[in-house]
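Single-letter residue listing:
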Amino acid sequence: MQTSVEIAGGKVQSPSLLLSNRARLRQRIAAVLGNGFLLAVTSFSMLAVLFIFIFIARDALPFFQHNGLREFFTSTHWYPSAGEPEFGALAMFFGSAIVTFGAILVAVPLGIAAAVCLSDVIPFALRQFVKPIIEMLAAIPSVAYGFFALVVFAPLLQQQGGHLLAVAVWIIGLPSAVLVIIVLSDVAGDRLSDRFQSWARWGIIIILGSGALFGLMVIGKSLSALRIASGTNAFNVSIILGIMALPTIVSVSEDALQSVGRELREGSYALGATRAETIVKIVLPAARSGILAAVILGVMRAIGETMVVWMASGNASQIPQPWYNMLDPVRTLTATIAGDMGEADQVTGSSRYHVLFAMAFCLLVFSFVCNLVSERFIRRSRQKAGG
Amino acid sequence: MKPLDMVIADRPDVRSGNNAGRTPDERTHVAVKVFSVFYRANQAVKDVTFNIPAGYVTAIIGPSGCGKSTILRAINRMNDLVPGCYVKGELLFDGQNVYNPDVDVVMLRRRVGMVFQKPNPFPKSIFDNVAYGPRLHSRLNQGELAEIVERSLVDAALWDEVKDRLDDNALSLSGGQQQRLCIARVLAVDPEILLMDEPTSALDPRATLRIENLIAELRGRYTIIIVTHNMQQAARVSDFTAFMYEGALIEFGPTKEIFTKPTHKQTNDYITGRFG
Amino acid sequence: MNLKTRKILDRAFAGSGVFSILLMTAALVVILVPMLIRGWGAIYFTATVEHRHLMLERFDRGNPERVADELNSTRETRAPLYRMITEFEKQLETSDSESRKRYTTPLRELKKAIHDLLGPAPGAIRPMLMRDQYGQMRWGRALVKLRNVLYREEWDYSDPTRGGIKALKPRAAEFTGTPVEPLCAYLENNLTDMMLPRRTLYWQFLTDNSYDSHFFGGIWPEILGTFYLAVGAMLFAIPLGLIAAIYLTEYARETRLIGMLRTCISTLAGVPSIVFGLFGLAFFINTLKVSSSKSVLAGSLTLALMILPTLIRASEEAIRAVPHTYKEAALSLGAGRWHTVMSVILPAALPGILTGIVISMGRAAGETAPIIFTAAVSVGKPLALWQVFSQPTPALSWNIYNLATEHEAVDEIRHVQYGMVLVLVSLVLILNLAAIILRARVSKRLKG
């Protein structure tokens, strides 16, 4: 393919850079086909999401058509196999909610503290050892967690639960009480004149200290005397789910904390703020959206978990009395789906079968919304970090 | 080939920076005509016009951000990779507009080789690095391939150092060796033009010297266009020099003249170190 | 606040972070240690002569003569027990109806307890169930059963506020003055000679089929099933995930469509695993009918969907981590886009991609919820390769659940449950460890 090119009076032979028509056509077709193929394969995930929605909704719809919405969402009567079946799933919704709430109560403070520690406190070399621990926690299969909850933790809770709770209260309560008292005495002392200051300070420390000690002892004692009827309950599951949600929360919020620039931190340090003040007042607010995303992802992990709650939540479709009693057994949506599907008639498709899809549909919609929200938060935190 | 001084003496057009009217025996290899490059709204190269003669070493100098790398990367259309980048004007390679939509970019890049700022050998063996290009473009048996690899490595002045360990990973070489390997990799596809984008900026002085010697050896066989921020280097290795500032071409001419009696004040300020 | 207080608060703050990390570590240790120790107990334990007897009879393992010798010697030590019982039974036949009435039930219970411990009495008819044909295989379980022989559990419900209180009554006291009276003491003193406990490494636990719903044998069907499911899932997910990652990193421009695609991928990642299970049932089995009912194929497909987002993200990250210069170099040599990806980018990203693959494989192996309705059964034979298209399989994850909650004798087979947990957890952790090591080596190389 030689073309002669006119260059300032002389002729030089130079191969053409242009494609021949056929080659161009071939290349276009290959590009379009290749791109199309790749896009098609990539769209598979989109198709999967679409199909999941369609197929879950398709089998959930007959239930809503047949039984309406009211009973499902407001009644706690769950008698799917009675002669006159009742499908009130409120207790399950409540169970999922309280278990998730408990898990978040465990995982969020611990997770954020750990993330802060990883990003700002411990040296890099040490971090290399902590990361695998988090990864291992994330990697342990849920059924192993469930097995632990059922076979190790539940009996322990049943026999020693009261003492365990008492010890936990002491471990958490004592240092926090000490801190609160120190701060209070400091703040109160500042308002008085110099003459009374140290007197007042010691007075406050002694009075509040003995009060706190007394309170802790009373609480500890009453907890020690507590008898837990069954080790498989909402409390047990909350702890385990909290541990399972930890890795997600730690890694996502650590990312968010890392993306807050050095400049911001240095600015605060330069003004004489301590590390704690810098992190609480500057870094955490700046990383807010990322941390919110982390919490939402943790919620999703907890609410979608099946095996642990199925094995160790007690599976009693009731709302505990009083409702915040975490030591009662509960039943969640996921566990109900897993447990009842075996008995539901799949082939003819009874209400019993469709109600489980209705539950799955609710879970699906919830996780979809959570996901959208968390994505938004993550995007926002990235934007902030970027500019 | 005529001695350089004679060529320059013959060519008043080169001296003036406008070498449109040229002697017939000299061939313009790359002609840049009122050429601009935009990154989205930002114009990185502004209406630049100059001709790069075949077989010589042309240096493009200027302070960082002046568009010298951009214009270099425009020649083999590496800017296509940058999202939002588009061009105006003409850039002719052997008289053919490189930005003609029907141009076979693969063919173009094969004929216009490029060496990058940081040595970037593939994480493969030394042999496979050099053989990468030839394997792409033609079906060769092992013997022919080995021949090409050896010739390219010899040309890149690396053969003696690596001939006993061609199967070693290329990343085990030193920085300077890696850069010469990259040059050998380009030579293996037998290009007509060699683009060098600050090829020694990541190297120590000794390695730099070897690359400069190599450029001197390759001169004449290839048209070499080198972007450098190092004025001494431009003075040492190049026959022609283009000085760019803020996207515009300020001055183009034989290196000797640019460095001894520049016609523009900005050029003078730059080469004497007042800015940049 | 004065500086001292602020410093104390600062320390407390750092301390709380360290505390939570320590707590996390402690949680990991507390969860793993019982599984590792007791799981190891499924493989290495103190086995009685009954174990060796079973091994010889069912698996043809061990030295026949030695086992015969051992059986003979235990039979001799056990003989006085049965003599005592026979003697007492003879005596009862001739005694008055009142004492017969008094001793019949306790004696039956005693005989049952001894049967549980030592297996069928010599000369008795061989029972139907395999679990009744042998005595206790494990010394630990034997000691529990010994207690059942020595003591009778009684529940005291006299205090209505506290539920039942357990009390242990010695059985020997029930038979005072009868020929059976010394039995308990004899049993207690000679149990070692009757059972001949010995430390045994039963590594075939990993490769044996299970017998009599996991009372005996190993967990090979479960291991194989888990392997099939995980590998099957990877076979579907790897091509899809890899191509999607290549497209998203190298080809796609940031259009609306791509944004939607990314949202879909993260949505897929957030779908609860049980919903995947239902979807697998409704779509793969009921609609597509890839198999007439549960099958490994349907389970693998479901698992593949579940791990697809993880795989895409990991591969995307690995590809993005490849230095841009490789791509530039390849393109500047005149390579096409696809060729650049295949010859330069993928090889360089491979270790990172492998890390993602290994981690997702661990996830696929450990998941339970998606396979409940699509692939898992509690009891089954190991499948041949061609059966995976139509047959369901036992799997480690599912059977851990099943044996720990739905088995008829949960306490009797704790060791099997722990063994399965150990195998599953080690499998997953080893895969993850491999990933960690792989990644460390990659980051070193990219730095170097």
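Residues numbered from 1 in each chain as written. Chains lettered and ligands numbered in written order. Predicted model: local features only at pLDDT ≥ 70, side-chain atom pairs only at ≥ 80, totals over all residues. Heavy atoms only, no water.

**Q** Honestly, the packing of aromatic side chains in this entry has me stumped. Any pointers?
**A** What describes a pair of aromatic rings is the distance from one ring centre to the other and the angle between the planes of the rings. Using the criterion set out here, one finds 42 aromatic pairs over all chains in the structure. Considering the side-chain rings of A:W323 and A:Y324, the 5.6 Å spacing of their centres and the 85° angle between planes classify their relative orientation as edge-to-face. Just as A:W323 is exposed, A:Y324 falls in that class too. Through pairs of rings, three or more aromatic residues link up here, namely A:F63, A:F64, A:F72, A:F73, A:W78, A:F87 and A:F93. Across the ring face of B:F122, the terminal group of B:R185 is positioned such that the distance to the ring centre comes to 4.5 Å. (Phe/Tyr/Trp six-rings, centres within 6.5 Å; stacked < 30°, edge-to-face > 60°. Buried < 20%, exposed > 50% of the residue type's maximum accessible area, 1.4 Å probe, protein only. Lys NZ or Arg CZ within 6 Å of the ring centre and 35° of its normal.)

**Q** Please clarify how the interface of chain B and chain C should be interpreted in this entry.
**A** At the interface, 22 residues of chain B touch 16 residues of chain C. Taking both partners together, chain B and chain C bury about 1600 Å²; carbon and sulfur atoms supply 67% of that area. On inspection of chain B and its partner chain C, the count reaches one salt bridge. The closest approach of N and O atoms between B:R73 and C:E328, which form a salt bridge, is 2.6 Å. Our enumeration of links across chain B and chain C arrives at five residue pairs in polar contact (both at pLDDT 80 or more). Contributions of two or more residues to the side of chain B that touches chain C are made by helix 4 (105–111), strand 6 (112–115), helix 5 (126–137) and helix 8 (175–187) of chain B. (Contact = heavy atoms within 4.5 Å. Buried area = accessible area lost by both parts, 1.4 Å probe. Salt bridge = Lys/Arg side-chain N within 4 Å of Asp/Glu carboxyl O. Polar contact = N/O pair within 3.5 Å; in protein donor to acceptor, adjacent residues only side chain to side chain. Helix = DSSP H or I, 4+ residues; strand = E, 2+ residues; numbered from the N terminus.)

**Q** How should I be thinking about the interface of chain A and chain C in this particular structure?
**A** It is common to give the size of an interface as the accessible area lost on bringing the parts into contact. Contact with chain A, which involves 87 residues of that partner, is made by 87 residues of chain C. Summing the contributions of chain A and of chain C, the shared interface buries around 7200 Å²; its carbon and sulfur component is 80%. When the buried surface of chain A facing chain C is broken down by residue, A:L38, A:M46 and A:F147 rank first, second and third, together holding 9% of it. The tally of links between chain A and chain C comes to two salt bridges. A salt bridge links A:E135 to C:R439; the shortest N-O distance between them is 3.0 Å. The tally of links from chain A across to chain C stands at 13 residue pairs in polar contact (both at pLDDT 80 or more). The biggest single contributor to the side of chain A that touches chain C is helix 6 (residues 142–191) of chain A, with 16 residues. The residue inventory of the side of chain A that touches chain C, partitioned by class, reads 64 nonpolar, 13 polar and 10 charged. (Nonpolar A, V, L, I, M, F, W, Y, C, P; charged D, E, K, R; others polar.)

**Q** Would you take a moment to explain a nonpolar patch on the surface for this structure?
**A** A surface patch of nonpolar side chains, amounting to about 440 Å² of accessible area, comprises A:V167, A:I171, A:I172, C:F19 and C:L23. Elements with a minimum of two residues in the nonpolar patch: helix 6 of chain A together with helix 1 (3–40) of chain C. It is helix 6 of chain A that provides the largest number of residues to the nonpolar patch, a total of three residues. By the secondary structure assignment, A:I171 is in helix 6. Note on A:I171: relative accessible area 46%, which makes it partly exposed. (Patch = residues over 30% accessible without salt bridge, like charges linked within 9 Å, V, L, I, M, F, W, Y side chains within 5 Å. Areas by Shrake-Rupley, 256 points an atom, 1.4 Å probe, with all protein chains shown as cover.)

**Q** Please explain the domain arrangement of chain C as it appears in this structure.
**A** Residues and elements named next belong to chain C. Annotation of chain C at the domain level lists domain 1 (49–200) and domain 2 (220–447). Computed from C-alpha atoms alone, the centre-to-centre distance between domain 1 and domain 2 is 50 Å. In this complex, domain 1 contributes five residues to the contact, which on the side of domain 2 involves four residues. Overall, the association of domain 1 and domain 2 removes approximately 370 Å² of surface from exposure, summing both partners, and the carbon and sulfur fraction of that is 31%. Considering only the surface of domain 1 that becomes buried against domain 2, R131, R138 and R141 emerge as the three largest contributors, covering 84% of it. Connecting domain 1 to domain 2 are three salt bridges. At the junction of domain 1 with domain 2, the criterion picks out four residue pairs in polar contact (both at pLDDT 80 or more). Residues of the side of domain 1 that touches domain 2, tallied by class, amount to no nonpolar, one polar and four charged. (Domains from an automatic or database assignment.)

**Q** Even after reading the chapter, I still don't get helix 13 (residues 333–340) of chain A, so can you show me in this structure?
**A** Since the α-helix packs 3.6 residues into each turn, any two residues three or four apart lie on the same face. Within helix 13 of chain A, seven of the eight residues are buried, which leaves the element mostly enclosed by the surrounding structure. Within helix 13 of chain A, the full set of buried residues consists of A:L333, A:T334, A:A335, A:T336, A:I337, A:A338 and A:D340.

**Q** I keep staring at the sheet that holds strand 7 (residues 193–197) of chain B and nothing clicks. Help me out?
**A** Pairing between the strands of a sheet comes from backbone hydrogen bonds, and it takes one of two forms, parallel or antiparallel. Residue and element names in this part refer to chain B. Taken in spatial order, the six strands line up as 6-7-8-3-9-10 in an open sheet, and their pairing is mixed. Because the sheet does not close on itself, it has two edges, and the strands there are strand 6 and strand 10 (248–254). When the angles between neighbouring strand axes are averaged without regard to direction, this sheet yields 15°. The pairing of strand 6 with strand 7 spans four bridges and is parallel. For M114, the partnering residue across the bridge sits in strand 7 and is L195. Helix 8 contacts strand 6 and strand 7 of the sheet and is inclined by roughly 170° relative to strand 6. Most of the contacts of helix 9 (residues 205–218) go to strand 8 (residues 223–227), to which it runs at about 150°, and overall it touches strand 3 (57–61), strand 7 and strand 8. (Pairing = 2+ DSSP bridges. Axes fitted to C-alpha atoms, helices over the stretch in contact; angles between N-to-C directions.)

**Q** How should the sheet that holds strand 4 (residues 85–93) of chain B be read in this particular structure?
**A** Residues and elements named next belong to chain B. Strand order in the open sheet formed by four strands is 2-1-4-5, with antiparallel pairing between adjacent strands. Strands at the two margins of the open sheet, each flanked by one partner only, are strand 2 (42–53) and strand 5 (96–97). Taken together, the eight bridges between strand 1 (residues 28–39) and strand 4 define a ladder with antiparallel strand orientation. The residue of strand 4 that forms the bridge with A31 is L92. In this fold helix 3 (residues 68–75) packs onto strand 1, strand 2 and strand 4, with an angle of close to 120° to the strand it touches most, strand 1.

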